[in-house]
Amino acid sequence: MEEEGVSYELRETKAAGDARRWMAETAPFQRVVVAGGDGTVMEALSGLIENGSSLPLGILPLGTGNLLARALSLPSDLLEALEVAVATGKESRLDVGFLPDRKAYFAVAAGAGWDAAFLRETSRDLKRRFGFWAYVFTGIKNLFTLRRSRVMIRVDGQEEVFRAHTVMLINVGEILGPGFQIHEEISAQDGRLDLAIVQTRSFWRILGILIRLLLRQTCDERELSFRAGQRIEVTADPPLPLEIDGDPIGETPFVVEVQAGAARLIGPG
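Read on for an overview of the structure. Quick caveat: nothing in here was measured; it's all calculated off a predicted structure.

Some points on the overall build of the protein chain
Looking only at helices and strands, the protein chain features eight helices and 14 strands. Expressed as a percentage of the 269 residues in the protein chain, the buried residues total 48%. Relative to all contacts within the protein chain whose residues are 6 or more apart in sequence, the contacts with residues 24 or more apart total 71%. Counting every atom, the protein chain has about 13800 Å² of accessible surface; 50% of that belongs to carbon and sulfur.

Description of the packing of aromatic side chains
Using the criterion set out here, one finds one aromatic pair in the structure. Relative to tyrosine 105, the ring of phenylalanine 98 lies with its centre 4.6 Å away and its plane at 35°, an arrangement referred to as tilted. We note that phenylalanine 98, like tyrosine 105, is buried.

Structural notes on the environment of alanine 16
Within the secondary structure, alanine 16 sits in the segment before helix H1 (18-22). You can call alanine 16 exposed: its relative accessible area is 76%. Residues alanine 16 and glutamate 43, spaced 27 residues apart in sequence, show a C-alpha to C-alpha distance of 8.4 Å.

Things to note about a negative patch on the surface
On the surface, Glu2, Glu3, Glu4, Asp77, Glu80 and Glu83 cluster together into a negatively charged patch. With respect to the helices, strands and loops of the structure, glutamate 3 is situated in the segment before H1. Residue glutamate 3 is classed as exposed on the basis of its relative accessible area of 82%.

Conventions used here
Residues numbered from 1 in each chain as written. Predicted model: local features only at pLDDT ≥ 70, side-chain atom pairs only at ≥ 80, totals over all residues. Heavy atoms only, no water. Helix = DSSP H or I, 4+ residues; strand = E, 2+ residues; numbered from the N terminus. Buried < 20%, exposed > 50% of the residue type's maximum accessible area, 1.4 Å probe, protein only. Contact = heavy atoms within 4.5 Å. Areas by Shrake-Rupley, 256 points an atom, 1.4 Å probe, with all protein chains shown as cover. Phe/Tyr/Trp six-rings, centres within 6.5 Å; stacked < 30°, edge-to-face > 60°. Patch = residues over 30% accessible without salt bridge, like charges linked within 9 Å, V, L, I, M, F, W, Y side chains within 5 Å. Salt bridge = Lys/Arg side-chain N within 4 Å of Asp/Glu carboxyl O. Lys, Arg positive; Asp, Glu negative; His and termini not counted. Charge placed at Lys NZ, Arg CZ, Asp CG, Glu CD.

Below is the structure:
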């Protein structure tokens, strides 16, 4: 910061909600930079949005998943990420998803089912010991215990019913960074959210889906299908666990609305 001639104020979060609350006190500043994981980043971003702030947000990815940083193609090296955040980066506007009944926002994805189950079971101790691989271990483990629910979705008023074990609302197409594209038409700047519905529960068929996604091949719609809209409602019987941007947040039912261009984020120039 000093090398770039940037004056700054450093605050360290002590409890959940600190970063979100501080975003009501940004009047003297020109931007916000968050050093932390997806949870801390989304706290700050949520606070900026709900306070109507026009300040851009820079990210220093210090968490386990760093999903938003990956989606923005930010460098993993701390000093390189800091240079982007305060010197060379460019501001862009991204859509966000908003759960009005929970007053919660997400920038990358919200998922009900398999993803939420393994995220809930990935302990802090596992993440400290194995980093991102902790998610891989618990994810594979949970593939063997998948149970389908009767899932009802309503996309912009149009209702459909499926037997599925996972539904994901996706805002960013390359959810794990460049090279792993969920669907070529998914964009965080199109004013809508995309819904992926996974119906097969066979381990080998799910593995096949992941391989086809990596190879950018089309998947069978009976196993993986997509919808898109601005307001999406999801219910499930029995209920499915729910996560937003990697953090467990209860279970279905839930409602999501898109807030077009609500996030101001600093990415590589």
